[in-house]
Amino acid sequence: MNMRAGAVVTRGSGGWWLVAVLIASALVTSGCAGPVDRDELPGVYRNEKTGGEIRLDADGKFSATEISEGEVEGRGSADPVNFGGKWSVTPSNFVYLEVDDDGLDDIQLYTEGPKKAYLHPDPDGPVTLTLTKVPAP
């Protein structure tokens, strides 16, 4: 009888690990990864197709060039604009961009590891811009 009880516990434990692994995999592949180390973030993130670029400086400042209001806010003009401000890391998987320009809202720049970032202003809509970290010259 003890042998059967041990077998049930073993099967139950194995099933729990399988469920945990599947949940963790789903979270990572859905872009719900944890925060990226702040020291890994500074650099230039660029979209090769549009030329849009966000530069995160080590001193906590950022600049954005050739990124449209539509890509940032999910609405508005498709004309590229340049703006800047301060950035900070959050406990989630995004970097908070506090925009100096009064015409734009503050931005959540989502991270997917230290080499990829994207703008996704409407959680029910598509990603509006994907940026890849450019190797330092």
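Just so we're clear, the structure is a prediction, and the values are computed from it rather than from any experiment.

S.K.: Explain the sheet that holds strand 7 (residues 116-119) here, please?
M.R.: The strands making up a sheet are joined through hydrogen bonds of the backbone, oriented either antiparallel or parallel. The eight strands are arranged 1-2-3-4-5-6-7-8 in a closed barrel whose pairing can be described as antiparallel. With direction set aside, neighbouring strand axes in the sheet form an average angle of 30°. The sheet contact formed by strand 6 (residues 107-111) and strand 7 spans three bridges and is antiparallel. Each bridged residue has a counterpart across the sheet, and for Tyr110 the counterpart in strand 7 is Tyr118.

S.K.: Would you take a moment to explain the packing of aromatic side chains for this structure?
M.R.: Two measures describe an aromatic ring pair: the distance that separates the ring centres and the angle between the ring planes. Applying the stated rule across the entire model yields three aromatic pairs. Between the aromatic rings of Phe62 and Phe83, the centroid separation amounts to 6.1 Å while the plane-to-plane angle is 75°, which identifies the pairing as edge-to-face. On the criterion of sequence distance, the pair formed by Phe62 in strand 3 (residues 61-68) and Phe83 in strand 4 (residues 80-89) is long-range, its members being 21 residues apart. In terms of burial, Phe62 and Phe83 fall into one category: buried.

S.K.: Teacher, can you tell me more about the nonpolar core here?
M.R.: Generally speaking, soluble globular proteins have nonpolar side chains that are buried together. Formed by 21 residues in total, the largest nonpolar core has its most connected members in Ile54, Leu56, Phe62, Ile67, Phe83, Leu97 and Leu109. Breaking this core down by element, the ones donating at least two residues are strand 2 (53-56), strand 3, strand 4, strand 5 (94-99), strand 6, strand 7 and strand 8 (129-134). Residue contacts for Ile67: discarding those within four places in its chain leaves Gly52, Glu53, Ile54, Val72, Pro80, Val81, Phe83, Leu119 and Leu129.

S.K.: Would you mind showing me how to read a negative patch on the surface here?
M.R.: A cluster of like negative charges, contributed by Glu98, Asp100, Asp101 and Asp106, occupies part of the molecular surface. Along the chain, the position of Asp106 falls in the loop between strand 5 and strand 6. Residue classification places Asp106 among the partly exposed positions, given a relative accessible area of 36%.

S.K.: Is there a simple way to think about the pattern of salt bridges in this case?
M.R.: Close approach of charged atoms allows side chains of opposite charge to pair. Under the defined criterion, the tally for this structure stands at four salt bridges. Residue Glu73 is joined to Arg75 by a salt bridge in which the shortest nitrogen-to-oxygen separation is 3.2 Å. For Glu73, a relative accessible area of 13% corresponds to the buried category. The shortest N-O distance in the salt bridge between Arg75 and Asp105 comes to 3.7 Å. Placement of the pair is Arg75 in the loop between helix 2 (69-73) and strand 4 and Asp105 in the loop between strand 5 and strand 6, with a sequence separation of 30 residues. A single network of salt bridges, built from pairs that share partners, joins Arg46, Glu53 and Arg55.

Definitions and cut-offs
Residues numbered from 1 in each chain as written. Predicted model: local features only at pLDDT ≥ 70, side-chain atom pairs only at ≥ 80, totals over all residues. Heavy atoms only, no water. Pairing = 2+ DSSP bridges. Helix = DSSP H or I, 4+ residues; strand = E, 2+ residues; numbered from the N terminus. Axes fitted to C-alpha atoms, helices over the stretch in contact; angles between N-to-C directions. Phe/Tyr/Trp six-rings, centres within 6.5 Å; stacked < 30°, edge-to-face > 60°. Buried < 20%, exposed > 50% of the residue type's maximum accessible area, 1.4 Å probe, protein only. Core = buried A, V, L, I, M, F, W, Y, C linked by side-chain atoms within 4.5 Å. Contact = heavy atoms within 4.5 Å. Patch = residues over 30% accessible without salt bridge, like charges linked within 9 Å, V, L, I, M, F, W, Y side chains within 5 Å. Areas by Shrake-Rupley, 256 points an atom, 1.4 Å probe, with all protein chains shown as cover. Salt bridge = Lys/Arg side-chain N within 4 Å of Asp/Glu carboxyl O. Lys, Arg positive; Asp, Glu negative; His and termini not counted. Charge placed at Lys NZ, Arg CZ, Asp CG, Glu CD.

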